[in-house]
There are 4 protein chains.
Amino acid sequence: MFERIGIFGKYNGIACWDTIDRLLQHLLNQQKTVLLDAASCADFPHQRYGVAIVERQELVTQIEIAIVVGGDGTFLDVARSVVDYGVPILGINLGRLGFLTDISPRNMTDILDEVMLGHCKFEERNLIRVKISKDEQLEFDQLALNDVVIHKTDSPRMIEFETEVDGRFLNTQRSDGMIISTPTGSTAYALSAGGPILDPRLDVLSLVSINPHTMSTRPYVIPGTSVVRIYPHKNCNGMAHIICDGQLTHHIRLGHVTTITRHKNLIKMIHPNEHDHFKLLRAKLRWGDKL
Amino acid sequence: MFERIGIFGKYNGIACWDTIDRLLQHLLNQQKTVLLDAASCADFPHQRYGVAIVERQELVTQIEIAIVVGGDGTFLDVARSVVDYGVPILGINLGRLGFLTDISPRNMTDILDEVMLGHCKFEERNLIRVKISKDEQLEFDQLALNDVVIHKTDSPRMIEFETEVDGRFLNTQRSDGMIISTPTGSTAYALSAGGPILDPRLDVLSLVSINPHTMSTRPYVIPGTSVVRIYPHKNCNGMAHIICDGQLTHHIRLGHVTTITRHKNLIKMIHPNEHDHFKLLRAKLRWGDKL
Amino acid sequence: MFERIGIFGKYNGIACWDTIDRLLQHLLNQQKTVLLDAASCADFPHQRYGVAIVERQELVTQIEIAIVVGGDGTFLDVARSVVDYGVPILGINLGRLGFLTDISPRNMTDILDEVMLGHCKFEERNLIRVKISKDEQLEFDQLALNDVVIHKTDSPRMIEFETEVDGRFLNTQRSDGMIISTPTGSTAYALSAGGPILDPRLDVLSLVSINPHTMSTRPYVIPGTSVVRIYPHKNCNGMAHIICDGQLTHHIRLGHVTTITRHKNLIKMIHPNEHDHFKLLRAKLRWGDKL
Amino acid sequence: MFERIGIFGKYNGIACWDTIDRLLQHLLNQQKTVLLDAASCADFPHQRYGVAIVERQELVTQIEIAIVVGGDGTFLDVARSVVDYGVPILGINLGRLGFLTDISPRNMTDILDEVMLGHCKFEERNLIRVKISKDEQLEFDQLALNDVVIHKTDSPRMIEFETEVDGRFLNTQRSDGMIISTPTGSTAYALSAGGPILDPRLDVLSLVSINPHTMSTRPYVIPGTSVVRIYPHKNCNGMAHIICDGQLTHHIRLGHVTTITRHKNLIKMIHPNEHDHFKLLRAKLRWGDKL
């Protein structure tokens, strides 16, 4: 089903060389074309296998499937890169089950064989698009699969900002910040901050305030089609920053407008046929199993 | 726009006679046909106005609009009664702003005049249908606009039960109970139990556990189209009960199956044109206003 | 160090016969005098060992140490029985580590040998005394090692009550109830309800409201010497009950006064020398260990 | 009772000139000696009254009482300055009730008259002492009346650190940080982060993690006599900082040891005779009053 395969590792991730090594052997034995991501696998001894190392922006145009070897952080990074090229993505964890990298290195070859036969599940997930502008000038335009966060920076004090949903004023808050989370991100940082878990089938976003000064400020779930705008308030001490997926940041202050919408394309995640999101939740969150 | 009007009061609610009195005078002056709900207004001195008192099941078939005078509890009761007859509903509070009874007695006549001209907003909200059966026998079949709750009864101990969503096992929990809430109910009991606020435009349900023994059991938001089933576990001490809108209850124990689905009909709520759900949230939850 | 030993099992606990069996053999081999608690071990085949079964109120006057075989619930029950007789207590769990029954059956004989030589830690913990009266008549007078809870009973509605601390009005709340917890109970029900963990060295109580209607109602920690009084409010729907350690209950309604004070005697808990409360917390709550 | 009075304002606080003006007239009329704090009142037109402006470190040695005009932030700053000189302190708010500045400008002169006659309450509160060292070199040595916070700085990622209490390992956590709060600080930042309210009579500290990755990491209350040590972990991304009372900061990284103990001196707060801490809590937190 997939002939041209891109492999992405953890940045500076010697820990994943071994897994990539096994992956390569298995795929090359099946006569697949395999390309390695330059951003993460530049130091991998690829000559041994005669496979090419390709720059990320070029790579994503040449592959039919992306295999990520690493943790959820690596997966987020690659997902944002491939989403606009319709490349489906699959995640192999490095020994510790992730919400996104849900395939164990132990049985990855069996699962890959099934995937190559099309015996797998495709699941589509929303991404967020974040634009930051000042004086009508666009300064930042990025995607997020998990969440976008407004957070105080170095200051010891809370920040103040105003939130608008679909053009209507929602509230002004004093807090350490706020998380706007997709269903995918609802089991990540938003969960630590007290947000609800959102079923991945939902087209919604949650707004989760971080240590809000007003105790009645509570997580709020809105339609995925909403347009959220955030305006730092003039009382806002110093600066805040906007963070996409815990990886991309931009400093903002009074005058910056941050606009959050659903991205026009969905990311296609590949799961083994026996994948069950509830089972993953039970395993990761140590919920009760059947008695 | 509306000629045949039903008025519903608070049960045993002498406190609302005065407001009903003013309502009646205003509507009768406009040549409207007004009928009073027998269940709540039996003791109201209706002869003075020459209006009829009609039994609820009869009343709902004869009116074009339901006006509720009372609190949110009264509104819930009436909404469940009228939803299957397509009658829109409007709520006048008794001096204290409610999430459902959002019209103040002070300006109710002005707002009613606008409503009668069709100058108002119609909003549709989901209800939940709850069926309880044992040994394939249906024992209980009711609606809920806010929430359905499984809760321990008299026992000092936690209960144990299993939850299934769309035929798939979600988890087994030990807790005081669980709330299955609509967006409408998300600002009621579910909020006290730590649940998120759900935008009323959403077709979702939240599952909010009450004092769960496992700390990683967190509110979970699922599609409104989901079928939720709850099975008391055999370790479950004594009995639990199922409660709809805090008003209708049924005892369950091992062997009972409680099935929760979205009701096929939506309730039509009437709001003044200037109604703004965010403003209501800010007022009720004392959120920050614009600085 | 201890010659006269009382053994207490889990009520109706055939599951603990085996552990009691091993205990008895070990202790009798050391020429100890062992007595069995009638309330929990009546069905144990004691004739085989020639040990006596003694009624609880008699037993507690004749022993120098109480050994509990069961779970934390069993321990709570026995602790309330022995506290006024100065008998130290030690808990052996049935295969699952408890906060109170922190000795595993696997190494219990080694630990007991150490304890008999006085190689162990003694720790003193507070109990709560709960008195309920109406019209100056005392109706209930019991102890609690974990917590005393006021909770709604069968009613689907919240209860309302007033809390007074040291003769001063604290607040009126509408909620499902409130937990008054000792440090010992702070890792039990109070934790599920959002209360803080209290170090066992502290002489304090926490007041933890259960699903309070007002979101700013938060856990409150007061001196252990405080006198707490609870008055059901006249708006209180139906009845509430008072529950000690999840085991002893009493129904209350308007007119009942519940008075909570620290009990005059402390319970002496015995731990192995290597006992470390922080380690217990890390194990039970799955906190992070040293990296 | 007090003859030599120091007045402290809000930094750059023209908003408090008017209140200080009224204060001065009132106190000078009573032949009191009044000195103004140079750090906060340098720009106040003091010549008009013939009162001296004195540097803070000098001022605190010359006064018998400190009057703070401002918000709780101003009070914290002054309290740390005067605590080692045994000077009692009293706070006048600028129109909005504070937990520390609990006297309204409206009736401040009446209350001051009472205080001067000794008709008032003295309350003693703990402060925290924070020392930060690296390679046995002391880098930072400050006090905090509310709280000391370890928090991530500019990084988008969580930090990791180890906590030790009284020389024993408590846990390793991944989080945005942790608050160590006095009873005084328990209604400030610690409350936003989910911590309990601690009665001001208690000699305890609470450890409140900020958005911990592990959901079972919960607020922990320890004796006030405890020694808490925090060690950044080597996985700790970039740097963290330590913040006293939201005002004094110091950057730390791997190798820094932060030691938190109770300060040897207590701060003496002055309250009007009718002061009631529960009433203050009810007012600030909008708890239920008597029905």
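Note that this is a predicted model, so its numbers are computed, not measured. (Residues numbered from 1 in each chain as written. Chains lettered and ligands numbered in written order. Predicted model: local features only at pLDDT ≥ 70, side-chain atom pairs only at ≥ 80, totals over all residues. Heavy atoms only, no water.)

Undergrad: Lay out the packing of helix α1 (residues 17-29) of chain D against helix α5 (residues 108-116) of chain D with the relevant residues and their values.
TA: Residues and elements named next belong to chain D. Running from N to C, α1 and α5 cross one another at 40 degrees; their axes reach a closest spacing of 11 Å. One element, α1, and the other, α5, form an angle in the oblique class. At the point where α1 passes α5, the crossing takes the right-handed sense. Facing T19, R22, L23, H26 and L27 of α1, the residues of α5 in contact are M108, T109, L112, D113 and M116. For the contact of α1 with α5, the per-class residue count stands at five nonpolar, three polar and two charged. (Axes fitted to C-alpha atoms, helices over the stretch in contact; angles between N-to-C directions. Helix = DSSP H or I, 4+ residues; strand = E, 2+ residues; numbered from the N terminus. Parallel < 35°, antiparallel > 145°, perpendicular 65-115°, else oblique. Left-handed = near helix turned anticlockwise from the far one by under 90°. Contact = heavy atoms within 4.5 Å. Nonpolar A, V, L, I, M, F, W, Y, C, P; charged D, E, K, R; others polar.)

Undergrad: Lay out the sheet that holds strand β11 (residues 168-175) of chain A in plain terms, naming residues and giving numbers.
TA: The antiparallel open sheet is built from six strands, whose spatial order is β8-β7-β19-β16-β10-β11 (chain A). Looking at which strands have only one partner, the edges of the open sheet turn out to be β8 (137-144) and β11 of chain A. Strand-to-strand twist in this sheet, taken as the mean axis angle between neighbours without regard to direction, amounts to 20 degrees. Note: strand β16 (residues 228-232) of chain A against strand β19 (residues 256-262) of chain A, three bridges, orientation antiparallel. The residue bridging A:V228 from the neighbouring strand is A:I260, located in β19(A). Each of β10 (159-165) and β11 of chain A is contacted by helix α7 (residues 277-285) of chain B, which is oriented at about 35 degrees to β11(A), the strand it contacts most. (Pairing = 2+ DSSP bridges.)

Undergrad: Account for the pairing of strand β14 (residues 204-210) of chain D, naming residues and giving values.
TA: All names here are of chain D. Extensive coverage of β14 is indicated by the burial of seven of its seven residues. Burial of the side chains of β14 extends over both faces: V204, S206, V208 and I210 are buried on one face and L205, L207 and S209 on the other. Note that strand β12 (residues 177-181) and β14 share five bridges and pair antiparallel. Directly across from I180, in β14, lies its bridge partner L207. (Buried < 20%, exposed > 50% of the residue type's maximum accessible area, 1.4 Å probe, protein only.)

Undergrad: I'd like a rundown of the relation of the copies chain C and chain A, residues and numbers included.
TA: Of the transformation superimposing chain C on chain A, the axial component is 0.0 Å and the angular component is 180 degrees, with the fit at an RMSD of 0.0 Å. With respect to symmetry, the two chain copies, as superposed, fit the operation of a two-fold axis. Looking at the interface residues of chain C, 100% of them are also at the interface in chain A, so both copies use one shared face. (Least-squares fit on C-alpha atoms with pLDDT ≥ 70 in both.)

Undergrad: How would you sum up the packing of aromatic side chains? Please name residues and give values.
TA: Scanning all chains against the criterion turns up 13 aromatic pairs over all chains. For the pair A:Y220 and B:W287, a centre-to-centre distance of 6.5 Å together with 80 degrees between the ring planes defines the contact as edge-to-face. One end of the pair, A:Y220, is in strand β15 (residues 220-223); the other, B:W287, is in the segment after α7, on a second chain. Taken together, the aromatic side chains of A:W17, A:F44 and A:Y49 make up a single cluster linked through ring pairs. The ring of D:F278 carries C:R168 above its face, with NZ or CZ at 4.1 Å from the centroid. (Phe/Tyr/Trp six-rings, centres within 6.5 Å; stacked < 30°, edge-to-face > 60°. Lys NZ or Arg CZ within 6 Å of the ring centre and 35° of its normal.)

Undergrad: So, the interface of chain B and chain A: which residues are in play, and what are the values?
TA: Contact residues are listed per partner, giving 44 residues for chain B and 44 residues for chain A. Summed over both partners, the interface of chain B with chain A buries about 3,800 Å², with 57% contributed by carbon and sulfur atoms. Contact with chain A buries area across many residues of chain B, yet B:R218, B:Y220 and B:F278 alone supply 18% of it, more than any other trio. Along the contact surface separating chain B from chain A lie four salt bridges. In this structure, B:R201 engages A:D166 in a salt bridge whose closest nitrogen and oxygen atoms are separated by 2.9 Å. Scanning the region where chain B abuts chain A turns up 24 residue pairs in polar contact (both at pLDDT 80 or more). Looking at the side of chain B that touches chain A residue by residue, the classes come out as 20 nonpolar, 12 polar and 12 charged. Pairing geometry for strand β13 (residues 197-198) of chain A and strand β15 (residues 220-223) of chain B, over two bridges, is parallel. (Buried area = accessible area lost by both parts, 1.4 Å probe. Salt bridge = Lys/Arg side-chain N within 4 Å of Asp/Glu carboxyl O. Polar contact = N/O pair within 3.5 Å; in protein donor to acceptor, adjacent residues only side chain to side chain.)

Undergrad: Before we move on, can you summarise helix α1 (residues 17-29) of chain A with the specific residues and values?
TA: The periodicity of an α-helix, 3.6 residues per turn, causes residues three or four positions apart to be oriented the same way. Residue and element names in this part refer to chain A. With 13 residues, α1 extends 18 Å from end C-alpha to end C-alpha; this agrees with the ideal 18 Å at 1.5 Å per step. Buried residues in α1 make contact with β1 (4-8), β2 (33-37), α2 (38-41), β4 (65-70), β5 (89-93) and α5 (108-116). Looking one or two residues past α1, Q31 carries a phi angle of roughly 65 degrees, positive in sign. (Expected span 1.5 Å × (residues − 1).)

Undergrad: Go over the side chain of C:H26, please, and point to the residues and values.
TA: Its location among the elements puts C:H26 in helix α1 (residues 17-29). The residues touching C:H26, leaving out its near neighbours within four places in the chain, are C:T109 and C:D113.

Undergrad: Just give me the short version of the state of the cysteines, but keep the residues and values in it.
TA: Using the criterion set out here, one finds zero disulfides over all chains in the structure. Cysteine B:C16 remains unbridged, with the sulfur of B:C41 as its closest cysteine sulfur at 6.4 Å. (Disulfide = S-S within 2.5 Å.)

Undergrad: Tell me about the pairing of strand β18 (residues 248-252) of chain C, residues and numbers included.
TA: Residues and elements named next belong to chain C. Bridge count for strand β17 (residues 240-244) against β18 is five bridges, and the pairing is antiparallel. Note on β18: the bridge partner recorded for C244 is L248. From the end of β17 to the start of β18, which pair antiparallel, there are three residues, and D245 there has a positive phi angle of about 50 degrees.

Undergrad: Can you break down the sheet that holds strand β11 (residues 168-175) of chain C residue by residue, with the values?
TA: Spatially, six strands are ordered β8-β7-β19-β16-β10-β11 (chain C) in an open sheet, and the strand pairing comes out antiparallel. On the outer flanks of this sheet lie β8 (137-144) and β11 of chain C, each paired with one strand and no other. Recorded for the sheet is a direction-independent mean angle of 20 degrees between the axes of neighbouring strands. Examined bridge by bridge, strand β7 (residues 128-134) of chain C and strand β19 (residues 256-262) of chain C share seven bridges and lie antiparallel to one another. Directly across from C:S133, in β19(C), lies its bridge partner C:V257. The sheet strands contacting helix α7 (residues 277-285) of chain D are β10 (159-165) and β11 of chain C, and the helix crosses β11(C) at an angle near 35 degrees.

Undergrad: Could you give an account of the domain arrangement of chain A, with specific residues and numbers?
TA: Reports of interface size often rely on the accessible area that becomes lost once the parts have come together. Residue and element names in this part refer to chain A. Segmenting chain A into domains produces domain 1 (4-125 + 266-285) and domain 2 (128-262). One C-alpha centre belongs to domain 1, the other to domain 2, and the line joining them spans 30 Å. Facing 16 residues of domain 1, the contacting portion of domain 2 comprises 13 residues. When domain 1 packs against domain 2, close to 1,200 Å² is buried across both sides, 68% of that on carbon and sulfur atoms. Among the residues domain 1 hides against domain 2, the three largest losses belong to L76, R80 and R125. Together they make up 46% of the total. A salt bridge links R80 to D245, with the shortest nitrogen-to-oxygen separation between them at 2.7 Å. A total of six residues in the side of domain 1 that touches domain 2 trace back to one element, the largest contributor, which is helix α4 (residues 72-82). (Domains from an automatic or database assignment.)

Undergrad: Before we move on, could you go through the environment of B:V115 and cite the residues and values that matter?
TA: Residue and element names in this part refer to chain B. Considering the arrangement of structural elements, one finds V115 in helix α5 (residues 108-116). Of the residues examined, V115 reaches a relative accessible area of 1% and is grouped as buried. Other than its neighbours up to four places away in sequence, V115 contacts M1, F2, I65, L90, C120 and I270.

Undergrad: Outline unusual backbone geometry, supporting the account with residue identities and numerical values.
TA: Here the phi dihedral of A:E136 falls at roughly 65 degrees; this positive angle occurs in a residue that is not glycine. Residue classification places A:E136 among the exposed positions, given a relative accessible area of 82%. Despite not being glycine, D:N211 shows a phi value in the positive range, around 50 degrees. Among the secondary structure elements, D:N211 is positioned in the loop between β14 and β15 (220-223).

Undergrad: Please provide a residue-by-residue account of the interface of chain C and chain A, values included.
TA: At the interface, four residues of chain C touch four residues of chain A. Of the roughly 400 Å² buried where chain C meets chain A, counting both sides, 68% is carbon and sulfur surface. Joining chain C to chain A, the criterion identifies zero salt bridges. Where chain C touches chain A, the interface holds zero residue pairs in polar contact (both at pLDDT 80 or more). Its residues assigned to classes, the side of chain C that touches chain A shows one nonpolar, one polar and two charged.

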